[in-house]
Structure formats: structure tokens, C-alpha cells
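Each chain, written out:
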Amino acid sequence: MWADLFYTHPALYVALYILLDGLFAGLIALIGYAFSFYITNQFAAAAFPLLLFWGIDYLSSLLARAIPGAKWSYEISPIAYLHPATLRYDPNAAIILIELSCCFVQQSQSFSKGEYGMNRSNPFRFDLRNGIRFIAKKFLVLPLLVSLVCFEFMLRLRETASLNHQYAGAQPTLGDFAMYLFGGMKPYIPNPDEPFLFPVSWFLVFGICLFLTLYYPVYDRDTFGKMVIVYSGSRTKWWTAKCAWIIVATFLYFFLCWILLLINCLLYGGQFTLSVSPYMSDIFLLRETVPPDQWNVCHVLLLMPPLIASSFGILQMLLTLWFRPIICFLISAILMLASAYFCVPVLILNYAFCIRSNEILVDGFSFPSGIVYALALSLLCMFIGRHRFRNFDLY
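Residues numbered from 1 in each chain as written. Predicted model: local features only at pLDDT ≥ 70, side-chain atom pairs only at ≥ 80, totals over all residues. Heavy atoms only, no water.

Peer 1: What should I look at first to understand the overall build of the protein chain in this one?
Peer 2: Secondary structure summary: the protein chain contains 15 helices and 0 strands in total. Residues classed as buried in the protein chain amount to 44% of the 395 residues present. Put simply, 71% of the contacts in the protein chain that link residues at least 6 apart link residues at least 24 apart. Carbon and sulfur atoms form 68% of the exposed surface of the protein chain, whose accessible area is close to 20600 Å². (Helix = DSSP H or I, 4+ residues; strand = E, 2+ residues; numbered from the N terminus. Buried < 20%, exposed > 50% of the residue type's maximum accessible area, 1.4 Å probe, protein only. Contact = heavy atoms within 4.5 Å. Areas by Shrake-Rupley, 256 points an atom, 1.4 Å probe, with all protein chains shown as cover.)

Peer 1: What exactly am I supposed to notice about the pattern of salt bridges here?
Peer 2: Where charged atoms of side chains with opposite charge meet at close range, the side chains can pair. Under the defined criterion, the tally for this structure stands at 3 salt bridges. Here Lys242 ties to Asp220 by a salt bridge, and the two come within 2.9 Å at their closest N and O atoms. Highlighted residues: Lys242 in helix α11 (residues 235-267) and Asp220 in helix α9 (residues 200-222), separated in sequence by 22 residues. For the pair shown, Lys242 and Asp220 are each scored as buried. One network of salt bridges, with partners in common, ties together Asp127, Asp220 and Lys242. (Salt bridge = Lys/Arg side-chain N within 4 Å of Asp/Glu carboxyl O.)

Peer 1: What is the right way to read the packing of aromatic side chains from this model?
Peer 2: Here the distance between the centres and the angle between the planes together describe a pair of aromatic rings. One pass over the full model with this rule turns up 28 aromatic pairs. With a centroid separation of 6.3 Å and an interplanar angle of 55°, the aromatic rings of Phe196 and Phe198 are classed as tilted. Under the relative-accessibility criterion, Phe198 is labelled partly exposed at 27%. Ring geometry for Phe206 against Phe254: centres 5.6 Å apart, planes inclined by 55°, an arrangement best described as tilted. In this pair, Phe206 is assigned in helix α9 and Phe254 in helix α11, connecting sequence segments 48 residues apart. Each member of the pair Phe206 and Phe254 is classed as buried. (Phe/Tyr/Trp six-rings, centres within 6.5 Å; stacked < 30°, edge-to-face > 60°.)

Peer 1: Is there a simple way to think about the nonpolar core in this case?
Peer 2: Counting 92 residues, the largest nonpolar core has Phe153, Met179, Phe182, Tyr253, Leu261 and Met280 as its most contacted members. Looking at this core, the element that brings in the most residues is α11, giving 13 residues. (Core = buried A, V, L, I, M, F, W, Y, C linked by side-chain atoms within 4.5 Å.)

Peer 1: Is there a simple way to think about helix α15 (residues 367-390) in this case?
Peer 2: Since there are 3.6 residues in each turn of an α-helix, residues three or four apart along the chain are aligned in direction. For α15, with 24 residues, the first-to-last C-alpha span of 35 Å sits near the 34 Å given by 1.5 Å per residue. Among the residues making up α15, those that are buried are Phe367, Gly370, Ile371, Ala374, Leu377, Ser378, Cys381, Gly385 and Phe389. (Expected span 1.5 Å × (residues − 1).)

Peer 1: Any chance you could explain the side chain of Thr320 here in plain terms?
Peer 2: Mapped onto the fold, Thr320 is located in the loop between α13 (298-319) and α14 (325-341). Under the relative-accessibility criterion, Thr320 is labelled buried at 6%. The residues contacting Thr320, other than those within four sequence positions of it, are Leu214, Val218, Arg221, Pro325 and Cys328.

Peer 1: Quick question: what am I supposed to make of the environment of Tyr215 here?
Peer 2: The topology assignment puts Tyr215 in helix α9. What makes Tyr215 partly exposed here is its relative accessible area of 28%. Spatially, the C-alpha atoms of Tyr215 and Ile135 are 9.1 Å apart, while their sequence positions differ by 80 residues.

In C-alpha cells:
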């Protein structure tokens, strides 16, 4: 295999064999380790990879005679092609990649079966693996949601440009897409001539995030979490690990939102900058704004949505110690609706309406205050929950 390289680039030839042998050596070693999840005999687990590859080597020699009249010309035995020598059959890159993939998939499935017997003394590592896997499939709704919001934004931009010719030919920025997704709505002032228009896209973005981070802690608490608490020897560790998991999962959720925004910005020919264009004040129908050339909202867009959402996620988990999960989510939905209607600091979800920031509105909400309120709410919920969970009846 790679005979031409042996004469033209011998160093590359050696390096490729070292890389290939290293990959297979690691996977072969892990096969025995993965097999140990199914049997308790150490000798059998250690011998299994050897017997497996002997079997593949024997099968390779039989393939030429398996079908009368057929001529087999590809080598499938790693024993044959993992060392530089003359081979019985021609090596094939596709077959080698398939065998590597099969080894990897087999080990992943084995580790999945054995995961509940591992790392139960470390609740955070346990949650990081199982919690993300628990909600991973539900992330598939994000591409559709973000794409629809970006499409709606482009329609609004065209309408705005048609009404105000100074914006004709305006090129959207990544910051514009993000502001339309995370901006929410301007402060609402009750007026018979101005109906209350609920920010549906903002509600969906935050609602889905809170919904995704709600059910895993409850599910784990009622199932495998009991074993984790026994192994770790501390209910406080379990509660703290769940709070940390909510923070990680929330930031991962918004990181994926930004990746999708970046893709949509590329598809619509936008600029890769976090600056927000002046026409956003027309799209959101804003009044008494800071001069557009002084808008600096990149830190608000990047940090406020995940910080506020993670603090509310911890609040939801705290409420599940008294109420059913669906009731807790309804409470969060009511608070989101109230924050959209009442523009008061005590409803800290107002800080997640990025368009209400004092970087854009003259009387907007302060970014440092939002950070302080989010951290205070998170720490308060963690403290109350820790004491409540110590006496919580798991059975």
C-alpha cells in the first residue's frame, strides 16, 4: 500500500503508516474496554479484539472462494494492511474508512449502555453527557425557527426601504439579524390607537430554551438521579450540577442560534459585523433613541439573552420542587407576557429585550444592572433550592 510514496516521499510513507496504525491501535484497545461492559471476565474482554481481527483475516481469505466464478480483489483484513508488506489483495480506502467507522460506532454504543455505571460520583460530568443527549434532538427545531425569523426580517427590511428611500439598497448586518431575533419589542405604552403586538419570535426563542432546560432535571431526579445522589453522597452536589448544566445548555442553545444567524446572514448577502443599522429604529417603531452612530449593542446581544434565560431556567427548576413541570413553564410564559407588557425593572426579562437597552433607547435598561439582577436571581434560586432539596422526598 502506498508503494509509490515509498520511493518518492519515504518520510510521508512512514508518517502515514504511523498514523493509520495509531488509529487502529487505539480503537482496538478501546474495543476490549467497550466489550467489558457486557462481560465481567477480564481475560475474555482482553482477548476479544484479537479473536475478532483473526476472524476478519480468515474471512478475507475465504471471500475469493465464497462465490464461485467471482474474483475478489480487495483486502478487508487490518492484520494485512496495517504493516508495510506485499498484500494478497488491493487495499481500498473506502473499506478502511468503513472499518474505522464501525469500530467507532460500536464503542459509542457500548459506552452509551455503560454510561450509567460510570461517573455517577461526578454529577456534573454525568449531566453534561446525558443532559445534552437528552435535549439534542429537540435542537432540530432551531434551524427552522431562525430561518423563518430571518426571512421575516428581510421582508420587513424591504418594506421599510420601500417606505423610506434613504434605506434603499441597505445591506443587512449580522447584528441586524440578531437584533430582530433577540430584540423583542419596544416598551409598550397602553394606547387605544396602538394595539399590543406580542413579540412572537422572541417568545418562541426564549420559550423553547426554557422548555428544553426544564424537563431533564425533573426526569433525572425521578430516575437515575437517585443513584447519582447515592454515589456522590451529596444532594447539594446533585443540585449544583443541575444548575451548572442549565447554564451550559442555555449558552449552547444561544451559541447555535448565533451559528444559524451567521449562516442566514451569509445566504442573504449580509455583512459580518455586529453593528446595528439605523433602519432598525424604523422596523421596531422606536422613539427617543440614542443617535444611531452611538449604538453599541454587541455586548447586549451576546450576553443578555443567555444570562437572563439561564437564570430563569434555574428559577424553573426551583419551582419544580413544588409544582409540576407544565405549571412551572406556564409561570415562565406568564412572566414573559408580563415583561412584554410592563416595562419595569422588577420583571428582569425586560433586560432580555435587547431593543430596550439604554444603548439604543434614551430611557432604556442598563446592561450592568441586567447582569447584576441575573446573577442575583441565579444565586438566590440556587441557595433556596439547595436547602429545599435537602429535605425533598425523592420517593
